[in-house]
Amino acid sequence: MPDVSPSPLHGLDPATESMAHEILEYVLDRIRMSPPPLDGPLTAAELSAATGTMITGTGLGYERAFELFRDVLAPACISSDHPRYLAFVPTAPSEAATLFDLVVSASSIYGDWWLEGAGAIHAENETLRWMAGLAGLPDGAGGVFVSGGTSGNLAALTTARETWRRHHGRDRPAAIACAPSAHSSIRLAAMVLDVPIVPVDPDARGRLTETALRAAVERSATEGLDVFAVVGTGGATNTGIVDDLAGAARVATELGAWFHVDAAYGGAALVSTVGRPLFAGIESADSFVVDPHKWLFAPFDCCALVYRNPALAGAALTQHAEYLETLDATAEWNPSDFAIHMTRRVRGLPLWFSLAAHGVEAYDRAVSRGIELAHEAARMIADTSTLELILEPELSVVLFRRLGWNADDYQAWSDRALANGLALVVPTVHDGETIFRLCFVNPTTTVRDIESILGAM
Ligand SMILES: *Cc1c(COP(=O)(O)O)cnc(C)c1O
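Scope of this entry: the structure provided in the associated data block.

The rules behind each value
- Residues numbered from 1 in each chain as written.
- Predicted model: local features only at pLDDT ≥ 70, side-chain atom pairs only at ≥ 80, totals over all residues.
- Heavy atoms only, no water.
- Helix = DSSP H or I, 4+ residues; strand = E, 2+ residues; numbered from the N terminus.
- Buried < 20%, exposed > 50% of the residue type's maximum accessible area, 1.4 Å probe, protein only.
- Contact = heavy atoms within 4.5 Å.
- Patch = residues over 30% accessible without salt bridge, like charges linked within 9 Å, V, L, I, M, F, W, Y side chains within 5 Å.
- Areas by Shrake-Rupley, 256 points an atom, 1.4 Å probe, with all protein chains shown as cover.
- Salt bridge = Lys/Arg side-chain N within 4 Å of Asp/Glu carboxyl O.
- Lys, Arg positive; Asp, Glu negative; His and termini not counted.
- Polar contact = N/O pair within 3.5 Å; in protein donor to acceptor, adjacent residues only side chain to side chain.
- Core = buried A, V, L, I, M, F, W, Y, C linked by side-chain atoms within 4.5 Å.
- Domains from an automatic or database assignment.

Turning next to unusual backbone geometry. Across residues other than glycine, the phi torsion is negative in most instances, and most of the peptide bonds are trans. For the bond running from S34 to P35, omega is 0°, close enough to zero to count as cis. Tracing the chain through its elements places P35 in the loop between α1 (14–32) and α2 (44–51). With a phi angle near 45°, F88 is a residue other than glycine that sits in the positive phi range. Relative to the helices and strands, F88 resides in the loop between α3 (62–73) and α4 (95–107). With relative accessibility at 47%, the residue F88 sits in the partly exposed group. In this structure, F297 is a non-glycine residue whose phi angle is positive, near 65°. Among the structural elements, F297 can be located in the loop between α10 (292–295) and β7 (303–307).

Set out below in C-alpha cells:
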C-alpha cells in the first residue's frame, strides 16, 4: 500500500498551518484586549438561527468554523475576566497562565500516572506542597488538581467517610456538620454519599463557631447520630466570611472526626499577608480545597485538593483493575488515586508556570489587591446616601442595599447594566432580603470602575 496519510484529520498541510497562525493571532488579540468585551447570552433559538447547522457530513472548513466561533458563539459568552465582572466569583488568569494552557493542550500529557506524566506531576506536586505550606500543613501533605471545588469537596468527604468507616464499621450512621453558609456542593456531596447534615447555628455574621458546633454535635449525639466530618468554610461564597476554623478544628479533634476546609473561593488569600490571619486553624485541617481558577489567576478549570495524609485518600479512592496493576507497582505518585476521576489534564501546570515565573510576592500583591478593592468599595458605599453597607468585608465580597429598591428593581438594574456593557453585577439574597453583592478577584479592576457602577445606581 502507498504510504499516504490514512487520516484526513491529522498532519500539518498548508491550510492547517495557516489556521494555526490565525488561531495564535486570535489568542494574542484576545489577551491584548483591555478590557475584553463583556458580551452576554442569546437564546438557543437565536444562536441556531445565527449559526445554521454546524455539524455536517463534509465539514464547514476551518475558515467558516472559526468564523462562527469568533463572530457568533464567543460574543454570546460573557468574559469573566472583564474588570467590571463583579458577580458570582469572577476569574482573572495571568497572561502567563493562559498561554501556558495552550502548551498543556499541545503536549498530550496524561496526568494520571507517574509513568506517563512524571515531569508535569512533579511540577504540580511542588505547587500543591507550596499551598499546603501556606496553610501550615506538615511535609507529607499532598493531593491533586481536580476540576473544581465541587469535585474536590466530594473526594475529600468520601475519604473522610471511608476513613471513619474503617474505624467504626460500615453500619453506624454518621453525618457532616457545617453551617448554612457552607457551599451548595457540600450538600450535594452529602446527597451523593447518602449521609445527613447536622446544621450548625451561625453567629450574627453567618460564621460557624466553636460553641454552636459543640451544641449541634451534642444534639445530634443524643439522637444517636455521630459526626464523621466537620466542614469549615474559608470564605463563604455569598459573604466572604471565614468560619472559626480553629474552634472547628478543636471540636473535630475531640470527636475523632475529619476536619475539611472548603476554601474554594477564599483560600487564595492564604498567600496574602493581609488575608492569611483570617485562616488561623486551617493548619489542623485533614483536607482543604482552593480554586486557583477563582482568585489565583489560573484559567478554568483548576482546584487544588490537599490532604494532610494523602495515603488515606489513596486507600479510599484508588481504582483497581487488571490493566492498571503495572502502574500501581511502579508508581512514585499517581494523581488519579486521590480523587474521583481517572483521566486528567495536568491542569495545575498553568498555575505552576505563572507562579514559578512571577514568584510568590507578586501573588501576594495581586490577591491583596482584591481585599483592598473590597474595602475601598465598602467605604464608597458607606459614603453614598442611597446605598447601605450590610457587612464589613473580610475577604473580597461586599454586600449592600440600594435604599428604596425591591427585588425587581435590583434585577432590572442588573439586566440593564449587562445590556449596555457597564458591568455584570447581580443581586443575591442575604437573610431573606434581595441585595447587591460585589466580588473582587480581578486586580485590574480600578476604583474608577467601582465609581462608575455605584454611580449608576
Ligand atoms: C465556588 C465554590 C465551590 C465550588 O467550586 P467549583 O470550582 O465551582 O466546583 C465550593 N465551595 C466554595 C466555598 C466555593 O466558593
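This part is about the environment of T91. Counting through the fold element by element, T91 comes out in the loop between α3 and α4. Taking the relative accessible area as the measure of exposure, T91 reaches 4% and is therefore buried. The spacing of T91 and R187 is 96 residues in sequence and 24 Å in space, taken between C-alpha atoms. If near-sequence neighbours (up to four positions away) are discounted, T91 is found in contact with S80, D81, H293, K294, A298, F300, V441 and N442.

Moving on, we get to a nonpolar patch on the surface. A grouping of L24, L99 and L102 is seen on the molecular surface, where their side chains present a nonpolar patch of about 240 Å² in accessible area. Secondary-structure assignment places L24 in helix α1.

Looking now at the side chain of D243. Checked against the element boundaries, D243 lands in the loop between β4 (226–233) and α9 (245–255). One buried charged side chain, D243, makes no salt bridge at all; its nearest oppositely charged neighbour is R207, positioned 5.9 Å away. For D243, the side chain forms a polar contact with the main-chain nitrogen of L208, separated by 3.0 Å. When near neighbours in sequence (up to four residues on either side) are disregarded, D243 contacts S181, G206, R207, L208, V231, G232 and T233.

The biggest cluster of nonpolar side chains holds 63 residues, and the ones touching the most others in it are L213, F259, F279, I282, W295 and L296. When we break this core down by domain, the ones giving at least three residues each are domain 2 (100–358) and domain 3 (361–455). In this structure I282 touches A135, L137, L245, V261, L270, R276 and F288, once residues within four positions along its chain are discounted. Counting 33 residues, the second-largest nonpolar core is a separate cluster that includes W114, V231, A313 and A339.

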